[in-house]
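Descriptive analysis of the structure
Residue-level listing of the chains:
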Amino acid sequence: METTSRAVAQASAAEGGQQALSARRAVDGYLRAPFPWYGLDEAFTGRRWLMQVGTAADGAVEHGSVGHGDEPSVRNEHVAGDEQGAKEKFAVVVTVAANPVRRSADGTGVLEATSVSSAAWLAGVGLLSFTWPGQMDHSLRDDWLEQQTETAWVLADDLDGEDWSTLSLPVDGVPTSFHYRESEFGWVLAGSTEQGVHLGAYGRGMSAYGLGFAVVKDIEAYD
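Below you will find a few notes about this structure. None of the values given here were measured: they were computed from a predicted structure. Note on numbering: residues in each chain are counted from 1, in written sequence order. Where totals are concerned, whole chains, interfaces and linings use all residues; where local detail is concerned, this predicted model gives features only for residues with pLDDT of at least 70, and gives and counts side-chain atom pairs only at 80 or more. Hydrogens are left out, water is left out, and the side-chain values use all remaining heavy atoms of the structure.

1. Quick notes on the packing of aromatic side chains
- Side-chain rings of Phe, Tyr and Trp (the six-membered ring for Trp) are treated as a pair once their centres are within 6.5 Å; stacked means planes under 30 degrees apart, edge-to-face means over 60, and tilted covers the remaining angles. Scanning the model with the defined rule gives 7 aromatic pairs in all.
- Grouping aromatic residues by their ring pairs yields a cluster made of Tyr30, Phe35 and Trp37.

2. Examining the nonpolar core
- Residue types Ala, Val, Leu, Ile, Met, Phe, Trp, Tyr and Cys, when buried and joined through side-chain atoms within 4.5 Å, form a set referred to as a nonpolar core. Relative accessibility under 20% of the residue-type maximum defines a buried residue, over 50% an exposed one, and the middle range a partly exposed one, all with a 1.4 Å probe and only protein chains included. Core analysis: the largest hydrophobic core is formed by 31 residues, its most contacted members being Trp37, Leu40, Trp187, Leu189, Phe213 and Ile219.
- Where helices and strands are cited, they refer to DSSP runs of H or I of at least four residues and of E of at least two residues respectively, numbered from the N terminus. Mapped by element, the contributors of at least two residues to this core are α1 (2–31), β1 (38–40), β3 (61–69), β4 (90–97), β7 (165–171), β8 (174–183), β9 (186–192) and β10 (197–204).
- Two residues qualify as a contact provided that any one of their heavy atoms is within 4.5 Å of a heavy atom in the partner residue. Beyond its immediate stretch of four places on either side in the chain, Ile219 contacts Val27, Tyr30, Leu31, Trp37, Leu50 and Val66.
- Within the second largest apolar cluster, 18 residues are counted, among which are Phe90, Val92, Val94 and Leu155.

3. Brief notes about unusual backbone geometry
- In this structure, Asp172 is a non-glycine residue whose phi angle is positive, near 55°.
- In this fold, Asp172 is placed in the loop between β7 and β8.

4. Description of the side chain of Arg48
- Looking at the secondary structure, you find Arg48 in strand β2 (residues 48–55).
- Definition of a polar contact: a pair of N or O atoms within 3.5 Å, with one able to donate and the other able to accept a hydrogen when the atoms are protein atoms, and with sequence-neighbouring residues admitted only if both atoms are side-chain atoms. A polar contact is formed between the side chain of Arg48 and the side chain of Tyr222, at a distance of 2.9 Å.
- Apart from the residues lying within four places of it in its own chain, the contact partners of Arg48 are Leu40, Asp41, Glu42, Gly67, His68, Tyr222 and Asp223.

5. Structural notes on helix α3 (residues 116–128)
- Any helix carries an expected span of 1.5 Å times its number of residues minus one. Relative to the 18 Å expected for 13 residues at 1.5 Å per residue, α3 spans 19 Å between its end C-alpha atoms, a close match to the ideal helical length.
- Burial of α3 is extensive: 10 of the 13 residues sit out of reach of the surface.
- For α3, the set of buried residues is Val116, Ser117, Ser118, Ala119, Ala120, Ala123, Gly124, Gly126, Leu127 and Leu128.
- N-capping of α3 is provided by Ser115, with a side-chain oxygen placed 3.2 Å from the backbone N of Ser117.

Here it is, written out as structure tokens:
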């Protein structure tokens, strides 16, 4: 019994160490960014957690996301307004470095400029990653996801279109205009800040209308 307990304890310690190392690697990516990260402001008192960063071919961090509330899972039983949907309440904030058109690190190509549309696109695809209509067969999800991803790109490229409305929310305490849209699976918004970054956000179960955004003072406070 003692041997078994010791083995379990050692396994748990090893797992804990791996988790700590994984968390350290995750936060390291955020710490390498040359721009400030944004999250919900201090009015939000719930759990905050890291997601992942996006990098260029040369390893430079270009964007990333942080989550707030319940950590969502891919749900194939989601139906708009159902009880399960109400149990997962989350908002994810996407920060995108505002970069102009520029040459790649190896000098062989050109990297596209980032814009509010970039933030809207990343937020739209982010919401899709946690969405799966319940009436859909598992084998059809890839086709559905591809179609919806293309739709998200088209919508992000037409922020002045009728699918978007305007929503004013505080960013670092300053009222800021965002492009906003809702769907049966959640909401998406996108705008810019005075700190040289574009912001995107998406969520479900948490109303976007009461949110505020602020520079993250300590990214390591996110678990």
